[in-house]
Amino acid sequence: MNTKYWSADEALADLNEAAAALAAGGIVAFPTETVYGLGGDAGNTEAVRRIFAAKGRPSDNPLIVHVEDASAALRLAKQVSDVERRLMETFWPGPLTLVLPVREGAVSPLVTAGLDTVAVRVPAHETARRLIAASGRPIAAPSANRSGRPSPTLAAHVREDLDGRIDGLLDGGPTGVGLESTVVQAAGDRIHILRPGGVTREMLQQAVGERVSVFGSDSGTGEAAAPQEHAPRSPGVKYAHYAPKGELLLVAGNPAAMIAAVQAQVTEAKARGLRVGVLASSEHAPRYEADAVLDCGSRSEPELAAQSLYALLRECDDRGLDFIVAEGYEERGIGAALMNRLRKAAGGRVLHV
Ligand code: AMP
Ligand code: MG
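Residues numbered from 1 in each chain as written. Chains lettered and ligands numbered in written order. Predicted model: local features only at pLDDT ≥ 70, side-chain atom pairs only at ≥ 80, totals over all residues. Heavy atoms only, no water.

## Focus: the nonpolar core
- Ranked by size, the top nonpolar core spans 48 residues in total, and within it L38, L87, L96, I191 and L204 carry the most contacts.
- For L96, the contacting residues outside a window of four places in its chain are L87, F91, V120, R121, S181, T182, V184, V199 and L204.
- Grouped together as the second largest cluster of nonpolar side chains are 28 residues, L250, L309, L313 and A346 included. (Core = buried A, V, L, I, M, F, W, Y, C linked by side-chain atoms within 4.5 Å. Buried < 20%, exposed > 50% of the residue type's maximum accessible area, 1.4 Å probe, protein only. Contact = heavy atoms within 4.5 Å.)

Laid out in structure tokens, this is it:
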């Protein structure tokens, strides 16, 4: 298949062509404020099947449906509670996905992987919203990467993974947050974070007030844990994600103790003949000696590390690194989502200092 390349900066013609391709059952990658998505008409089972095939995504991992506004979301849901309405009003458009009871027949059963819920969000990216509106359809869109690869934050990443496997790519430059949306499910007076992201637990708690409790998703993070037997589950979170080709070790804990611990790991791996890299904060980066030291930005601005993480993981591959040591961040605000993705990239290899 020939992939068409469109630019979001070119007059409306490109955007309209991309929208027409979506409406005709095509699969098209487009920018959002989180990462690039690979979109298809959520009501068209054949289009959705092609999304799974292009990504090599397991069919039991449901897709997020992207819509133009809250009223389009309401058309997909069987019912919406006051708490869910409040979340929509507060965070949409934006990087928050709500898991809602699905209205029968509203989307292809492939989208929900057979569940009785559908995940929905309204993206805050202007190009994404205009594209969805012009297509006139709810758009199912997982991240536009091959399964197991870091999510794309540049059009070049999408091209690397999916050229020739999709109908088109709408280039809108670098994405904003750099990590996927926060996924939540409300149940009575509880909100469960199924996947942390750009909308943080602190922001959610503030929006819903004291009478609703917000439960985090990661264990061992010092967050108040949800009663696990009642906590809803997100099928996708069981998959190893975001992995670079080299082995990644996450060093978490006290920043003051981190430099010595990271350098010791680097030195030891180099002695084994490995090509070693470090993902380091700007403050610590000059202190390391390794084959590559990749700067993730200042420790006081974890938003920068979130924005650049996936591009840096791809760079680790490009540089042929066998072993990567990554500095951890404080599990607060966007730091919680950042650490969640780093733990996944590390496949559980975490050294606490
Ligand atoms: P991705 O599209 O790659 O960002 O992944 C979408 C995430 O949303 C995965 O972790 C899915 O498991 C999750 N998700 C999508 N639909 C549902 C649903 N109906 N219930 C729970 N989690 C969902
Ligand atoms: Mg993904």
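We are not done yet, so read on.
## With respect to helix α10 (residues 334-345)
- Its 12 residues give α10 an end-to-end C-alpha distance of 17 Å, which sits within 8% of 16 Å, the value for a rise of 1.5 Å per residue.
- Counting buried residues along α10, 12 of its 12 residues qualify, which places the element largely inside the surrounding structure.
- Buried within α10 are the following residues: I334, G335, A336, A337, L338, M339, N340, R341, L342, R343, K344 and A345.
- Contact partners of the buried residues in α10: β10 (190-195), β12 (247-252), α9 (302-318), β15 (323-327) and β16 (350-352).
- Positive backbone phi, at 55°, marks G347, one or two positions downstream of α10. (Helix = DSSP H or I, 4+ residues; strand = E, 2+ residues; numbered from the N terminus. Expected span 1.5 Å × (residues − 1).)

## Comments concerning the site of ligand 1
- Around ligand 1 there are 17 residues in total, and R57, T117, R195, S234 and G236 lie nearest to it.
- Note that an oxygen atom of ligand 1 is positioned 3.2 Å from one of the side-chain N or O atoms of N61.
- One nitrogen or oxygen atom from the side chain of R195 is found 2.9 Å from an oxygen atom belonging to ligand 1.
- Every element with two or more residues in the shell around ligand 1 is listed here: β6 (117-121) and β10.
- Residue composition of the shell around ligand 1, by class: 9 nonpolar, 5 polar and 3 charged. (Near = heavy atom within 4 Å. Polar contact = N/O pair within 3.5 Å; in protein donor to acceptor, adjacent residues only side chain to side chain. Nonpolar A, V, L, I, M, F, W, Y, C, P; charged D, E, K, R; others polar.)

## Points about the confidence of the model for the chain
- Looking at the chain, the pLDDT average stands at 94 and 94% of residues meet or exceed 70.
- Note on residues 219-228: pLDDT is under 50 here. Beyond four places in sequence and across chains, it has 16 contacts. (pLDDT = per-residue confidence, 0-100.)

## Thoughts on the pairing of strand β9 (residues 182-187)
- β9 sits mainly inside the fold: 5 of its 6 residues count as buried.
- Here β9 runs beside β10; their pairing, made up of 5 bridges, is antiparallel. Within β10, the residue paired with V183 across the bridge is R195.
- The hairpin turn running from β9 into β10, its antiparallel successor, is 2 residues long, and G188 in that turn takes a positive phi close to 60°. (Pairing = 2+ DSSP bridges.)

## Looking at the packing of aromatic side chains
- According to the stated counting rule, one finds 0 aromatic pairs in the structure shown.
- One Lys or Arg, R159, reaches over the ring of Y5 and ends 3.9 Å from the middle of that ring.
- Here the basic side chain of R272 rests over the ring of F323, its NZ or CZ set 5.9 Å away from the ring centre. (Phe/Tyr/Trp six-rings, centres within 6.5 Å; stacked < 30°, edge-to-face > 60°. Lys NZ or Arg CZ within 6 Å of the ring centre and 35° of its normal.)

## Regarding the pattern of salt bridges
- One pass over the full model with this rule turns up 18 salt bridges.
- D317 is paired through a salt bridge with R149; the nearest N and O atoms lie 3.0 Å apart. Linking D317 in helix α9 with R149 in the loop between β7 (139-140) and α6 (155-162), this pair joins segments that are 168 residues apart in sequence.
- Relative accessible area serves as the criterion here: at 18%, R149 is assigned to the buried category.
- Of the charged contacts in the structure, one is a salt bridge between E268 and R272, with a shortest N-O distance of 3.5 Å.
- What emerges from the salt-bridge pattern is a single network uniting R149, E160, D161, R314 and D317. (Salt bridge = Lys/Arg side-chain N within 4 Å of Asp/Glu carboxyl O.)

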